[in-house]
Amino acid sequence: MTSTIPSSTARLVLSPLSTDDIDDVFVVYGDPATWEHLPSGRHTAREQSEALARRHRQSWERAGLGPWAVRISGAGADEDLPTGTFIGAGGVSMTEGGVWNLGYRLTPRSWGRGLATELAEAAVTAAGAALPLVPVTARILSNNRASSVVAQRAGLARRWEGPTTGIGTELARWEIYADRVLTESQLEWLIARN
Ligand SMILES: CC(C)(COP(=O)(O)OP(=O)(O)OC[C@H]1O[C@@H](n2cnc3c(N)ncnc32)[C@H](O)[C@@H]1OP(=O)(O)O)[C@@H](O)C(=O)NCCC(=O)NCCS
């Protein structure tokens, strides 16, 4: 791991997501409130959280950077979120398409404090330091305004919008965000994943 990868922000402690975090991840990823915009994605078995941790581990191994387990630091703590509280997971992961994917999923009791924005900004900065030529992208459902606000505050802009297919969210569309103009092949790869 290089020194350009942060292990904290003003209010958060960040550690590479690992198999030690699976029980905590399962609590957040199994909570229907964290899947309001994509109910079919909810983790209903611990194995799904295990698989997520394994996938994220691969990003750390292949690209030297991946998603973090996110906890409240002493400076970010209060009565509702004491020091060390696991609030969720997020950051960037390296995709098969050769672009970073930015993502975040936090426990509802931590929402509305700017913590996702703090996490996303740290991830975009770390991605830029690790591989400056590789774009940071995010795939967001058009009805998930909190998520798109966070992506935009982290420096991403909407590059594409199109229909969802096969995920039962006919009321929403997929949006692709990126921190720079994407090449045709990068955009094609991202659209094909939708
Ligand atoms: C998306 C998510 C990570 C945001 O976390 P958060 O810590 O509350 O985010 P922040 O506080 O940094 O910023 C969210 C901003 O969006 C705003 N927002 C929230 N809901 C909104 C809505 N429906 N419309 C417009 N803005 C909204 C908030 O008010 C806040 O802006 P503010 O700081 O001006 O008040 C969190 O809601 C979450 O985990 N959701 C479930 C998982 C998910 O959807 N992940 C993204 C998948 S693409």
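All of these numbers come straight from a predicted model, not from anything done at the bench.

J.: Just checking my understanding: could you explain the site of the ligand for this structure?
T.: Lining the immediate surroundings of the ligand are 19 residues, of which Tyr104, Gly112, Gly114, Thr117 and Asn144 lie closest. In this structure, a nitrogen atom belonging to the ligand sits 2.8 Å away from a main-chain N or O atom of Tyr104. Contact distances for the ligand include 2.8 Å between an oxygen atom and a backbone N or O atom of Gly114. Taken by itself the ligand offers 960 Å² of open surface, and the protein chains cover 68% of this. Of all the elements in the fold, those that place two or more residues in the shell around the ligand are β4 (100-106), α3 (115-130) and α4 (145-153). Per-element tally for the shell around the ligand: the top contributor is α4, with six residues. Residue composition of the shell around the ligand, by class: eight nonpolar, six polar and five charged.

J.: Help me understand the side chain of Thr34 in this model?
T.: Looking at the secondary structure, you find Thr34 in the loop between α1 (22-29) and α2 (46-63). Using a relative accessible area of 8% as the deciding quantity, one classes Thr34 as buried. Not counting residues up to four positions away in its chain, the partners in contact with Thr34 are Val28, Tyr29, Arg105, Leu106, Pro108 and Trp111.

J.: Teacher, can you tell me more about the nonpolar core here?
T.: Side chains that are nonpolar tend, in soluble globular proteins, to be buried together. Of all hydrophobic cores here, the largest spans 35 residues; its most connected members are Leu65, Trp68, Trp100 and Leu102. Where this core is concerned, the elements lending two or more residues are β1 (12-16), α2, β2 (68-72), β3 (86-94), β4, α3, β5 (136-141) and α4. It is α3 that contributes the most residues to this core, nine residues altogether. Ranked by size, the runner-up nonpolar core spans 15 residues in total, among them Ile22, Val28, Trp35 and Ala89.

J.: For this particular structure, what's the right way to read the packing of aromatic side chains?
T.: Centre distance and the angle of the planes are the two values used to describe a pair of aromatic rings. One pass over the structure, following the stated rule, counts one aromatic pair. Directly above the aromatic system of Trp35 lies the positively charged group of Arg105, at a separation of 3.5 Å from the ring centroid. One cation-aromatic arrangement involves Arg139 over Trp174; the distance from NZ or CZ to the ring centre is 4.3 Å.

J.: Where do I start with α1 in this structure?
T.: Within an α-helix, residues lying three or four positions from one another point in the same direction, as the helix has 3.6 residues per turn. Every buried residue of α1 is accounted for by Ile22, Val25, Val28 and Tyr29. Within α1, the buried residues cover an arc of 125° as seen down the axis, which keeps them to one side. Each element contacted by the buried residues of α1 is listed here: α2, β3 and β4.

Here is what the cut-offs are and how they apply
- Residues numbered from 1 in each chain as written.
- Predicted model: local features only at pLDDT ≥ 70, side-chain atom pairs only at ≥ 80, totals over all residues.
- Heavy atoms only, no water.
- Near = heavy atom within 4 Å.
- Polar contact = N/O pair within 3.5 Å; in protein donor to acceptor, adjacent residues only side chain to side chain.
- Areas by Shrake-Rupley, 256 points an atom, 1.4 Å probe, with all protein chains shown as cover.
- Helix = DSSP H or I, 4+ residues; strand = E, 2+ residues; numbered from the N terminus.
- Nonpolar A, V, L, I, M, F, W, Y, C, P; charged D, E, K, R; others polar.
- Buried < 20%, exposed > 50% of the residue type's maximum accessible area, 1.4 Å probe, protein only.
- Contact = heavy atoms within 4.5 Å.
- Core = buried A, V, L, I, M, F, W, Y, C linked by side-chain atoms within 4.5 Å.
- Phe/Tyr/Trp six-rings, centres within 6.5 Å; stacked < 30°, edge-to-face > 60°.
- Lys NZ or Arg CZ within 6 Å of the ring centre and 35° of its normal.
- Arc of directions from axis to C-beta.

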